[in-house]
Amino acid sequence: MSSKKYNIRTAGKANIPVLGLGTWQSTGQDCVDVVSQGLKMGYEHIDTAQAYGNEKEVGKGIKESGVARDKFFLTTKIFPDDLKFQPEKLMAAAKRSLEDLDTDYVDLLLLHWPDDRVPLSETIPALCELQKQGLTRHIGVSNFNIANLTEAEKYADVPIVVNQVEFHPFIKQHTLQTFLNNHHILLEAYSPLARGDVFDNEIIKNIAEKHGITPAQVSLAWILSDKDRVAIPKTSNPDHLQGNLDAIDIQLSADELEQIGSLARSDGRKIEHPDYTPEWDD
Ligand SMILES: NC(=O)c1ccc[n+]([C@@H]2O[C@H](COP(=O)([O-])OP(=O)(O)OC[C@H]3O[C@@H](n4cnc5c(N)ncnc54)[C@H](OP(=O)(O)O)[C@@H]3O)[C@@H](O)[C@H]2O)c1
């Protein structure tokens, strides 16, 4: 993968483009179009998941873009419904994703949520095996707390390169981020615009106005100001695609970064998944 525009963040042997296109709730032809336009525009990182029900559309968007498979970073996630984290089911699920995405490999395969019905001593070696067999270049997890990660690392014989978690200016995650930094795991920020809440915040709006940029760009630039993070904002709107991508190049001052950092609250979380939510670290 090569890029003039993109910054890359590295964990293990994974080189991950700092800003990816999130696709949750991108469906049908809109999803095909936004993935295709995004790749043609210069996005080098796409995030999908089996649970989004759009892997086929993401695959079509990739084909339609004409961008070669080795020019961008593709992530998908396996959701733990139907006990899919049992080793033989995990293999079948990964193969189905590749079929739907119409690709021979993904760059990153994530366990979407922790699932205490299947021990990580079984799931993690199976996930590592998927990497060894070439179905994925790298492995990672999502929505794992420190206890889940500590357990997962015991059974991994290849690096866990990412923990994809909710992260934006209104959520703390300080304890988790310190753990991830110490373990050379990147924090991949999902809902990096707090699903739109950043647009109404006075501090963020003032900083945006001062720079002549959008609140979305302020939030993304703040997240990416830390070299241990990547972010995956979602848009289905072609007008938002370029602006979000341009956030890669925006630098905020130390004082502005601190002002945004002061917005974090312990109750700032937006996402919960009743069946799988672990006890979050702050
Ligand atoms: N691992 C997990 O459990 C998990 C959970 C949630 C999300 N994710 C991933 O993270 C991605 C992003 O998170 P998210 O979708 O929850 O929230 P988000 O990216 O924080 O916010 C998306 C919302 O912001 C709007 N938006 C995007 N760019 C904008 C802009 N420049 N100006 C105005 N509005 C803008 C989008 O609307 P438009 O489409 O109209 O632009 C959409 O309504 C998801 O798509 C998914 O890939 C992962």
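Residues numbered from 1 in each chain as written. Predicted model: local features only at pLDDT ≥ 70, side-chain atom pairs only at ≥ 80, totals over all residues.

I would appreciate a short explanation of the site of the ligand in the present structure.
Near the ligand lie 27 residues; those nearest to it are Gly22, Trp24, Tyr190, Leu193 and Lys234. Examining the composition of the shell around the ligand, we find that three residues originate from one element, helix 9 (residues 238-246), more than from any other. Residue composition of the shell around the ligand, by class: nine nonpolar, 15 polar and three charged. (Near = placed C-beta within 6 Å. Helix = DSSP H or I, 4+ residues; strand = E, 2+ residues; numbered from the N terminus. Nonpolar A, V, L, I, M, F, W, Y, C, P; charged D, E, K, R; others polar.)

Would you explain the environment of Ala208 in this entry?
Mapped onto the elements of the fold, Ala208 is located in helix 7 (residues 202-211). A count of 20 C-beta atoms within 10 Å places Ala208 in the buried class. For Ala208 and Leu252, which are 44 residues apart along the polypeptide, the C-alpha to C-alpha distance reads 9.9 Å. Ala208 has contacts with Ile213, Thr214, Pro215, Gln217 and Val218, leaving out every residue within four places of it along the chain. (Buried ≥ 20, exposed ≤ 12 C-beta atoms within 10 Å, placed from the backbone. Contact = placed C-beta atoms within 7 Å.)

Would you take a moment to explain the packing of helix 1 (residues 28-41) against helix 2 (residues 55-65) for this structure?
In helix packing, the relevant descriptors are the interaxial angle and the interaxial distance, both defined with respect to the helix axes. The contact between helix 1 and helix 2 brings their axes to 7 Å, and the two run at 40°. Viewed along their axes, helix 1 and helix 2 adopt a mutual orientation that is oblique. Here helix 1 and helix 2 pass one another in a crossing that is right-handed. Across the interface between the two elements, Gly28, Cys31, Val32, Asp33, Val34, Val35, Ser36, Leu39 and Lys40 from helix 1 touch Glu57, Val58, Lys60, Gly61, Ile62, Glu64 and Ser65 from helix 2. Of the residues assigned to the contact of helix 1 with helix 2, the class counts are seven nonpolar, four polar and five charged. (Axes fitted to C-alpha atoms, helices over the stretch in contact; angles between N-to-C directions. Parallel < 35°, antiparallel > 145°, perpendicular 65-115°, else oblique. Left-handed = near helix turned anticlockwise from the far one by under 90°.)

I keep staring at the pairing of strand 6 (residues 106-111) and nothing clicks. Help me out?
Both faces of the sheet carry side chains from a regular strand, because those side chains alternate between them. Burial within strand 6 is extensive, with six of its six residues counted as buried. Judged from the four bridges that link them, strand 5 (residues 73-78) and strand 6 form a sheet pairing that is parallel. Bridge pairing in strand 6 places Thr76 opposite Leu109. Note that the unit made of strand 5, helix 3 (residues 87-101) and strand 6 has a crossover that is right-handed. Note that strand 6 and strand 7 (residues 136-142) share five bridges and pair parallel. When the bridges of strand 7 are listed, Leu109 appears paired with Ile139. Handedness of the crossover is the feature at issue here: the chain leaves strand 6, passes through helix 4 (residues 120-132), returns alongside strand 7, and the resulting connection is right-handed. (Pairing = 2+ DSSP bridges. Right-handed = clockwise from strand over helix to strand, strands pointing away.)

Got a minute to help me understand the pairing of strand 5 in this structure?
Counting buried residues in strand 5 gives six out of six residues, a clear majority hidden from the surface. In strand 5, alternate side chains face the same way, and those of Phe73, Thr75 and Lys77 on one face and Leu74, Thr76 and Ile78 on the other are all buried. As defined by bridge partners, strand 4 (residues 45-47) adjoins strand 5 across three bridges and the pair is classed as parallel. Across the sheet, the residue bridging to Asp47 is Thr75, located in strand 5. Between strand 4 and its parallel partner strand 5, the chain crosses via helix 2, and the hand of that crossover is right-handed.

Can you help me understand unusual backbone geometry in this one?
Despite not being glycine, Gln173 has its phi angle at roughly 60°, a positive value. Note that Gln173 resides in the loop between strand 8 (160-166) and helix 6 (174-182). In this structure, Arg195 is a non-glycine residue whose phi angle is positive, near 55°. Along the chain, Arg195 falls in the loop between strand 9 (186-190) and helix 7.

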